[in-house]
Amino acid sequence: MHKIVAVMVSVTTWLGTAVAQHTAAAQSKWIKKTGSGTLEYTGTAKGDRIIDFSYAGYKGGGVRIPEIPARVTVYPVAGDNAAHIQRIIDSVSQMPLQDGFRGAVVLAPGNYPCSQTIRLASDGIVLRGSGEASKIIMTGVPHVCFSIGENLKTERVGEAVFITDAYVPSGAHQFTVADGRNFSAGDEIAISKPVTDSWVHFMGMDALVRDGKEQTWITGELTTERTIRAVKNNVIMIEVPLTDSYDAHFTAPGTTVQKIRRTGEVKNVGLENLSIVAPEQSVTISQQHHSAIRVKGVADGWLRDLSISNTVNSIAVSGRRITVENIDIQHTASTIGAAKPADLSANGGQLLFNKCKIRGDNVFFLATGAKVSGPNVLLNCTFSGNGWIQPHQRWATGLLIDGCHVPDGGIDFMNRGEMGSGHGWSVGWAVAWNCVAKSYLNQQPPGAFNWVIGSSGERQQKAMPFDKEPFLPEGVYDSHNKPVEPLSLYLQQLKLRLGPRALENIGYKELR
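Residues numbered from 1 in each chain as written. Predicted model: local features only at pLDDT ≥ 70, side-chain atom pairs only at ≥ 80, totals over all residues. Heavy atoms only, no water.

Draft legend 1. Up close: the overall build of the chain. Looking only at helices and strands, the chain features four helices and 39 strands. The globule rule puts the C-alpha radius of gyration for 512 residues at 24 Å, and the 22 Å found for the chain is close to it. Overall size of the chain, expressed as C-alpha extent along the three principal axes, is 65 × 55 × 55 Å. Per-residue burial for the chain yields a buried fraction of 58% across its 512 residues. Sequence-distant contacts in the chain: of pairs separated by 6 or more residues, those separated by 24 or more amount to 71%. With the model as given, the accessible surface of the chain reaches about 20,300 Å², and the carbon-plus-sulfur share is 50%. For the chain, the separation between the mean place of its 49 positive charges and that of its 46 negative charges on side chains is 4 Å. (Helix = DSSP H or I, 4+ residues; strand = E, 2+ residues; numbered from the N terminus. Rg over C-alpha atoms; globule rule 2.2 N^0.38 Å. Buried < 20%, exposed > 50% of the residue type's maximum accessible area, 1.4 Å probe, protein only. Contact = heavy atoms within 4.5 Å. Areas by Shrake-Rupley, 256 points an atom, 1.4 Å probe, with all protein chains shown as cover. Lys, Arg positive; Asp, Glu negative; His and termini not counted. Charge placed at Lys NZ, Arg CZ, Asp CG, Glu CD.)

Draft legend 2. Structural view of the confidence of the model for the chain. Averaged over the chain, the pLDDT score is 92; the fraction of residues at 70 or greater is 95%. For residues 1-23, every residue scores under 50 in pLDDT, and the model assigns this stretch 55 contacts once sequence neighbours within four places are set aside. (pLDDT = per-residue confidence, 0-100.)

Draft legend 3. Layout of the pattern of salt bridges. A full pass over the atoms with the stated rule returns 18 salt bridges. Between Arg119 and Glu150 there is a salt bridge, with its nearest N and O atoms 3.3 Å apart. With Arg119 in strand β7 (residues 118-120) and Glu150 in the loop between β10 (144-149) and β11 (153-162), this residue pair connects regions lying 31 residues apart in the sequence. Note that Glu225 and Arg262 form a salt bridge whose closest N and O atoms lie 2.6 Å from each other. With a gap of 37 residues between them, Glu225 in strand β17 (residues 221-232) and Arg262 in strand β20 (residues 256-263) connect regions that are remote in the sequence. With a relative accessible area of 16%, Arg262 lands in the buried category. (Salt bridge = Lys/Arg side-chain N within 4 Å of Asp/Glu carboxyl O.)

Draft legend 4. Spatial organisation of the pairing of strand β14 (residues 188-194). Along β14, five of the seven residues are buried, which leaves the element largely enclosed by surrounding structure. Sheet topology note: the β14/β17 ladder contains seven bridges and is antiparallel. Bridging from a neighbouring strand, Ser192 pairs with Thr223 of β17. Direction of pairing for β14 relative to β20: antiparallel, over a ladder of four bridges. Bridged to Ala190 within β20 is Gln258. (Pairing = 2+ DSSP bridges.)

Structure representation (structure tokens):
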């Protein structure tokens, strides 16, 4: 059986106290919990608001991860086990789908030395261990232990139409297009705004120079994929809110909407209940290294109840509606150099990282990739050591850090400037809610907001990297050093959207 932990939601260890009492919580200026339990949102002058993050997670949030019946049990063999495990996964991949699943491949207790990547590339496959007694021992040349998905292709179909609104705020569920006749409920669409010279200049990202060389922040377009909920005349209503704003002043010739078709996406796939052990690695991130898991082109999947030791750049997730929970990553050696690896990389949308633990130094506990559009959520995680939760590069949007503890490190919503190859403004419309950290670097991008609400820790102010001044404008700090109601923003939003059962489905009891 899997470790399914029921947690009474609370905020612990506030400024040395054991537990913050429910009655002692304050109210945020941006989201207030009413006596009936609903949430009242305060918007910006343009109508932007903190988004509803509750759509993050498996099947769009609030859905219990299923227990899939075993099809076959694998036992360790002498020598390298990678091909042995792969053959059995491939054989189950040929079985028919039943309710979206083919079945689980179960690893019996034992050690499984593996020198090659194990791939889950078909719908409906779950690879399950027998707890920490099932150990994948990474051997041979550095490689990724597990690759899940990877062959997604997205094709744009039909005519692209322009959005006609002068401004669509972050958090919006609808917008107006020039002609909505060819769109219907259920259509999957790409909303694409061009990266214009005027916007890059407005963001202050057109003068990045490092070592005498110009650095490029963003080119091309910023694309968000959504599903249409309804169409009324030329107004398109979408299921999941937008995580960025769309200002016609900076998007000439305009933001477009176009239907898309996906092929090669892997659905209903999971990896659970086992250990991954790599040899101790003290390397720079440019050197070859063992990594744990790569998820790419997956919809409605999960990683859960995994113990991971000594991998570098451990887990990277690209896809949608994916839950990563009860992951325990530990390092006995630190990576070398100023460039740091990311143990958790959020490179997709509607991703939920729930109750994860990391212990290690000189790491990004969680980072985001370029142009990532949420909503993405880091919920009730604890990260120990000299490291940071830090969106990493090139304008990710819609990230919630909820109830997380980083006692030795920081939570940074920042302009990374010329770092990397011109990472620049790394994130907009991000929220840290009722967190505890050693420090925060919360900076406000032009035309956008970042919020630190109900959280405790040192507030920092800094200039762009490599500069001493001027300090960049601070993002919003609200009720700093005093937790706010609701104690968990994600869980309260989920409860309001889907009811109390949705909390139970993801391992939480009713909020009291």
